[in-house]
Amino acid sequence: MTDTRTTGAPSAEAIPESEVAGLSAKTLAHVIHYRRKTYVTKPSEGYALLKRVRTLLRDGTTDLVPLVHRDGFVWLAVGPSIPIAIDEVESDAGHDDKHTLKRLGLD
């Protein structure tokens with residue numbers, strides 16, 4: 001196996017803070033599409049689900065995964081043969097975060 005890291009090699013150039021400040025790529029929620037249902041979650045729950053889904057798909061296994069969403073709690077069977085989609089939601093164009101959260105029912 002070859003180590004792709006090289007000692008002393010310059011790292012990728014960092015984005016200047018002034019450019020980062022102008023970016024609005026902040027995830028406010030996750031929308032999970034699963035078996036004709038849609039679940040809306042806060043980022044913490046969405047990232048936890050996403051992490052577990054990635055692990056299960058990488059390992060090729062199926063398991064029940066808990067999901068806390070705006071309307072309660074549900075167990076989702078997740079595995080390679082079960083379709084699931086997870087979307088990240090950012091602020092609506094021209095609106096603040098509060099407006100987007102209210103639209104999603106997460107306020």
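Now for a description of the structure that goes with this document. (Residues numbered from 1 in each chain as written. Predicted model: local features only at pLDDT ≥ 70, side-chain atom pairs only at ≥ 80, totals over all residues. Heavy atoms only, no water.)

What follows deals with the pattern of salt bridges. One pass over the full model with this rule turns up four salt bridges. Taking the shortest distance from any N to any O, the salt bridge between arginine 52 and aspartate 63 comes out at 2.8 Å. On the criterion of sequence distance, the pair formed by arginine 52 in helix α2 (residues 43–59) and aspartate 63 in strand β3 (residues 63–69) is long-range, its members being eleven residues apart. The class of arginine 52 is partly exposed, set by a relative accessible area of 31%. Aspartate 63 gets classed as partly exposed once you look at its relative accessible area, which sits at 33%. (Salt bridge = Lys/Arg side-chain N within 4 Å of Asp/Glu carboxyl O. Helix = DSSP H or I, 4+ residues; strand = E, 2+ residues; numbered from the N terminus. Buried < 20%, exposed > 50% of the residue type's maximum accessible area, 1.4 Å probe, protein only.)

Attention shifts here to the sheet that holds strand β5 (residues 84–89). The three strands lie next to each other as β2-β1-β5, forming an open sheet whose pairing is antiparallel. The outermost strands of the open sheet, each flanked by one partner alone, are β2 (37–41) and β5. Looking at each pair of strands side by side, their axes are set apart by 20 degrees on average, direction ignored. Both strand β1 (residues 29–34) and β5 contribute to a ladder of six bridges, which runs antiparallel. Within β5, the position partnered with tyrosine 34 by the bridge is isoleucine 84. (Pairing = 2+ DSSP bridges. Axes fitted to C-alpha atoms, helices over the stretch in contact; angles between N-to-C directions.)

Okay, the environment of aspartate 97 next. Along the chain, aspartate 97 falls in helix α3 (residues 97–104). What makes aspartate 97 partly exposed here is its relative accessible area of 25%. Each C-alpha atom of the pair aspartate 97 and aspartate 107 lies 9.8 Å from the other, and the pair is ten residues apart in sequence. At 2.2 Å, the side chain of aspartate 97 and the side chain of serine 91 are in polar contact. (Polar contact = N/O pair within 3.5 Å; in protein donor to acceptor, adjacent residues only side chain to side chain.)

Attention shifts here to the side chain of histidine 30. Mapped onto the secondary structure, histidine 30 falls in strand β1. Accessibility expressed as a relative area gives 0% for histidine 30, which makes it buried. Once residues lying within four places of it in the same chain are set aside, the contact partners of histidine 30 are Tyr39, Val40, Thr41, Lys42, Pro43, Gly46, Tyr47, Ile86, Asp87 and Glu88. (Contact = heavy atoms within 4.5 Å.)

What follows concerns unusual backbone geometry. Unlike most non-glycine residues, arginine 35 shows phi in positive territory, near 45 degrees. Looking at the element boundaries, arginine 35 is found in the loop between β1 and β2. Residue class for arginine 35 comes out exposed when judged on its relative accessible area of 53%. The backbone of arginine 36 sits at a positive phi, close to 65 degrees, despite the residue not being glycine. Tracing the backbone through its elements, the reader meets arginine 36 in the loop between β1 and β2.

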